[in-house]
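Residues per chain, in single letters:
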Amino acid sequence: VQTGVDARYWRLRGLRIRPLIEGYSNWAAISIGQGATSPAQLPSHVELDRILIDLDDVKAPDFRYQIVLLFGRDIWMHHSHVSGVVSANDGDYSAVWVGFSPGPVLVEDNYLESGGETVFVGGGNFGNNVQATPTDVTIRRNHITFNLAWRGIYQVKNLFETKQAVRLRLEGNLFTNQWVGAQIA
């Protein structure tokens, strides 16, 4: 699922999303605002509600997933489940990536499981190297975790990572199953 640039007033509710091709790499299940080259092109008023993305049985040993990309203003993701995001290689992949967003962005009441940076805020820029700092981001009441079955099999990184943000609020999240892996968290 991908918005075009300048998309407005989307509501996605009750979807189960799976990759079309097993083993496909560089796959995003939901991409909000990717491809925008300026803040004016960013989507706004997008709601993701009760989305299920379960990759536990997908055999993709070399993928680099950013499963849910949130670039835009007035973006909400809640009551959703993202799991099984893991790679045999030490790479950057996330259950949720909040990229450039002038805000607000709300990620609330989700189950998020990834072996890379499970929730990643910041990083990246527009193609013209304009700095893209997420602003007014709230990460609240989520269960953010690594799967214990991955221990000793896959390299893991961080449950939460930020490169830069303005007015970032973490509140009431449950962080579980963190251990030292590909980088010290």
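First, a word on scope: everything that follows refers to the structure included in this document. (Residues numbered from 1 in each chain as written. Predicted model: local features only at pLDDT ≥ 70, side-chain atom pairs only at ≥ 80, totals over all residues. Heavy atoms only, no water.)

### A look at the overall build of the protein
The condition is simple: Runs of H or I in DSSP of at least four residues are treated as helices and runs of E of at least two as strands, each being numbered from the N terminus. Contacts: residue pairs with any heavy atoms within 4.5 Å of one another. For the accessible areas, the method is Shrake-Rupley and the probe is 1.4 Å, while residue cover comes only from the protein chains on display.
On a plain count of helices and strands, the protein comes out with 0 helices and 16 strands. Long-range contacts, defined here as pairs at least 24 residues apart, represent 80% of the contacts in the protein between residues at least 6 apart. Per element, the accessible surface of the protein, about 8,400 Å² overall, is 49% carbon and sulfur.

### Structural notes on the nonpolar core
Going by this rule: The set of buried Ala, Val, Leu, Ile, Met, Phe, Trp, Tyr and Cys residues whose side-chain atoms join them within 4.5 Å is what this entry labels a nonpolar core. Only protein chains enter the accessibility calculation, which uses a 1.4 Å probe; a residue is then buried when its area is under 20% of its type maximum, exposed when over 50%, and partly exposed in between.
Formed by 35 residues in total, the largest nonpolar core has its most connected members in I53, V68 and L70. Among the nonpolar cores identified, the runner-up in size contains 8 residues, and A36, L42, W97 and F100 belong to it.

### Focus on the sheet that holds strand β1 (residues 8-13)
Hydrogen bonding along the main chain pairs the strands of a sheet, whether they run parallel or antiparallel. Under the convention used in this document: If DSSP finds at least two bridges between two strands, the strands pair. For every element, the axis is a line fit to its C-alpha atoms; helices are fit only across the contacting stretch, and the angle between N-to-C directions ranges from 0 to 180 degrees.
Pairing in this open sheet of 6 strands is parallel, and the strands run β1-β3-β6-β9-β12-β15 from one edge to the other. In the strand order of this sheet, the two ends are held by β1 and β15 (166-171), each with one partner. Adjacent strand axes in the sheet meet at a mean angle of 5° when their direction is disregarded. Inspection of the sheet shows β1 paired to strand β3 (residues 44-49) by 5 bridges, in the parallel sense. Bridge assignment links W10 to a residue of β3, and that residue is V46.

### Re the environment of G115
Secondary-structure assignment places G115 in the loop between β10 (111-114) and β11 (117-121). In the structure, G115 is positioned 35 residues away from W150 in sequence and 8.1 Å away in space, judged by C-alpha atoms. Once residues lying within four places of it in the same chain are set aside, the contact partners of G115 are V85, Y93, F146, W150, Q155, V156 and K157.

### Considerations on the packing of aromatic side chains
So the rule is basically this: A pair of aromatic rings is counted whenever rings of Phe, Tyr or Trp (Trp by its six-membered ring) have centres within 6.5 Å, and the orientation is called stacked for planes under 30 degrees apart, edge-to-face for over 60 and tilted otherwise.
On inspection of all chains with the given rule, the structure shows 3 aromatic pairs. Centroid distance F71 to W97: 5.1 Å. Interplanar angle 85°. Geometry classified as edge-to-face. Placement of F71 in the loop between β5 (66-70) and β6 (73-78) and of W97 in strand β8 (residues 94-98) is noted, with a sequence separation of 26 residues between them. Seen from their ring centres, W97 and F120 are 6.0 Å apart, and the 50° between their planes marks the pair as tilted. Here W97 is found in strand β8, whereas its partner F120 is found in strand β11, with 23 residues between them in sequence. Accessibility classification places W97 together with F120 in one group, the buried group. Chaining the aromatic ring pairs together yields one cluster made of F71, W97 and F120.

### A word on the sheet that holds strand β4 (residues 52-54)
What the 5 strands build is an open sheet, ordered β4-β7-β10-β13-β16; its pairing is parallel. Looking at the sheet topology across the chains shown, the edges are occupied by β4 and β16 (174-176). Adjacent strand axes in the sheet meet at a mean angle of 15° when their direction is disregarded. For β4 and strand β7 (residues 81-85), the ladder comprises 3 bridges, and the chain directions are parallel. Bridge pairing in β7 places L52 opposite H81.

### Focus on the environment of R11
With respect to the helices, strands and loops of the structure, R11 is situated in strand β1. Residues R11 and V46 lie 35 residues apart in sequence; the distance between their C-alpha atoms is 5.8 Å.

### Topic: the pattern of salt bridges
Rules: Salt bridges, as used here, are contacts in which a Lys or Arg side-chain nitrogen is within 4 Å of a carboxyl oxygen on Asp or Glu.
Enumeration over the complete set of coordinates arrives at 11 salt bridges. A salt bridge links E108 to R141, with the shortest nitrogen-to-oxygen separation between them at 2.4 Å. In this pair, E108 is assigned in strand β9 (residues 105-108) and R141 in the loop between β12 (135-140) and β13 (143-145), connecting sequence segments 33 residues apart. What emerges from the salt-bridge pattern is a single network uniting E108, R140, R141, R169 and E171.

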